[in-house]
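# Structural overview for review
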Amino acid sequence: MQQTDLSIYNNHPYQPGGNAFKRLLWYYVNAFIINTAWLPFNSLKIGLLKLFGAQIGSGVIIKPRVNIKYPWHLRIGNYSWIGEGVWIDNLTTVTIGNNVCLSQGVMLQTGSHNYKKPAFDLIIGPIIIEDGVWVGCRAIINKGVTLGSHAILGSGSVANKALEPYGIYQGNPAIKIRDRIMQ
């Protein structure tokens, strides 16, 4: 029976974008300005994210202690909120629509590993969060998942597949529990 052999792991085919200097500089900007509670200034964070290639709309709020892997893979629409302690592990594109709320501690992970391969190969997939979505605190959205317009992913839930528009989802794995009816 085959066994995992991490000594043969090869991440070479993956290209994160940006050159080595840009990635190193972003590492420190992220660590000391974006992912800190000491500098709560939203406009500074947004300016730096844009400087590093993020596309960010009007009225976006980014709370303290947010961790963003690669801003050049990040798209955020207008009036969206990124809550405290959110981790955007975007090895590839993460698109966040307009009027989206990512509550505290949400994790967006665009990468994983192929457990069927002895070398544990890296696999990636984009995440798309459409307009009006609310993701509850400590929820996880995995690679290749689209959250349909105005869907809700409940606190602590794990999205492994697409969420239908206006659906309310809970659990691990997240399942639809009812429709979202707005009045």
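Scroll up to find the structure this text is about.
Anyway, here's the lowdown on the structure attached to this text. Residue numbers run consecutively from 1 along every chain, following the written order of its sequence. Local features in a predicted model are, by the rule used here, given only for residues with pLDDT of at least 70; side-chain atom pairs are given and counted only at 80 or more, and totals for whole chains, interfaces and linings are based on all residues. Hydrogens and waters are ignored; side-chain quantities use all the structure's heavy atoms.

## What about the nonpolar core?
- Counting residues in each nonpolar core, the largest one holds 43 residues, and the members touching the most others are Ile96, Leu102, Ile129, Val135, Ile141 and Leu153.
- In this description a helix means any DSSP run of H or I spanning at least four residues, a strand means any run of E spanning at least two, and both kinds are numbered starting from the N terminus. Looking at this core, the elements that each hand over two or more residues are α1 (20–34), α2 (42–51), β4 (74–76), β7 (94–96) and β12 (127–129).
- Throughout, a residue-residue contact means that at least one pair of heavy atoms, one from each residue, lies within 4.5 Å. When sequence neighbours within four positions are dropped, the list of residues in contact with Val135 reads Cys101, Leu102, Ser103, Val106, Ile141, Leu147 and Leu153. Nonpolar cores are built from buried Ala, Val, Leu, Ile, Met, Phe, Trp, Tyr and Cys residues. Side-chain atoms within 4.5 Å join them into one set. For the exposure calls, accessible area comes from a 1.4 Å probe over protein chains only, and a residue counts as buried if that area is under 20% of its type's maximum, exposed if over 50%, partly exposed in between.

## Focus on the layout of surface pockets
- The calculated volume of the largest pocket comes to roughly 180 Å³.
- Both site types are read off a 1 Å grid over the protein atoms alone. A 1.4 Å probe that fits but cannot get out defines a cavity, while an open set with protein on both sides within 12 Å along at least five of seven lines defines a pocket; lining residues have an atom within 4 Å of a point. Along the walls of the largest pocket sit Arg23, Trp26, Tyr27, Asn30, Ala31, Asn35, Asn67, Ile68, Lys69, Tyr70 and Trp87, which together make up its complete lining.
- For the lining of the largest pocket, the secondary structure elements donating two or more residues are α1 and β3 (67–68).
- At five residues, the largest contribution of residues to the lining of the largest pocket is made by α1.
- Three classes are used: nonpolar for Ala, Val, Leu, Ile, Met, Phe, Trp, Tyr, Cys and Pro, charged for Asp, Glu, Lys and Arg, and polar for all others, with Gly counted as polar. Of the residues belonging to the lining of the largest pocket, the class tally is six nonpolar, three polar and two charged. Grid points are joined across faces, edges and corners, and a volume is the space filled by probe spheres set on the points.

## Examining the sheet that holds strand β19 (residues 175–179)
- Taken in spatial order, the seven strands make up an open sheet running β2-β5-β8-β13-β16-β18-β19, and their pairing is mixed. A strand with exactly one partner marks an edge of an open sheet, and here the two such strands are β2 (61–62) and β19.
- We call two strands paired when DSSP finds no fewer than two bridges between them. Looking at chain direction, strand β16 (residues 152–153) and strand β18 (residues 167–170) are connected through two bridges and run parallel. Bridge pairing links Ile152 to Ile168 in β18.

## Points about the pattern of salt bridges
- We define a salt bridge as a contact between a side-chain nitrogen of Lys or Arg and a carboxyl oxygen of Asp or Glu at a distance within 4 Å. This model, assessed by the stated rule, comprises four salt bridges.
- One salt bridge in this structure joins Asp89 and Lys69, with 3.6 Å as the shortest N-O distance. Taken together, the residues span a long stretch of sequence, with Asp89 in strand β6 (residues 87–89) and Lys69 in the loop between β3 and β4 at a distance of 20 residues.
- By sharing partners, the salt bridges in this structure join Glu164, Lys176 and Asp179 into a single network.

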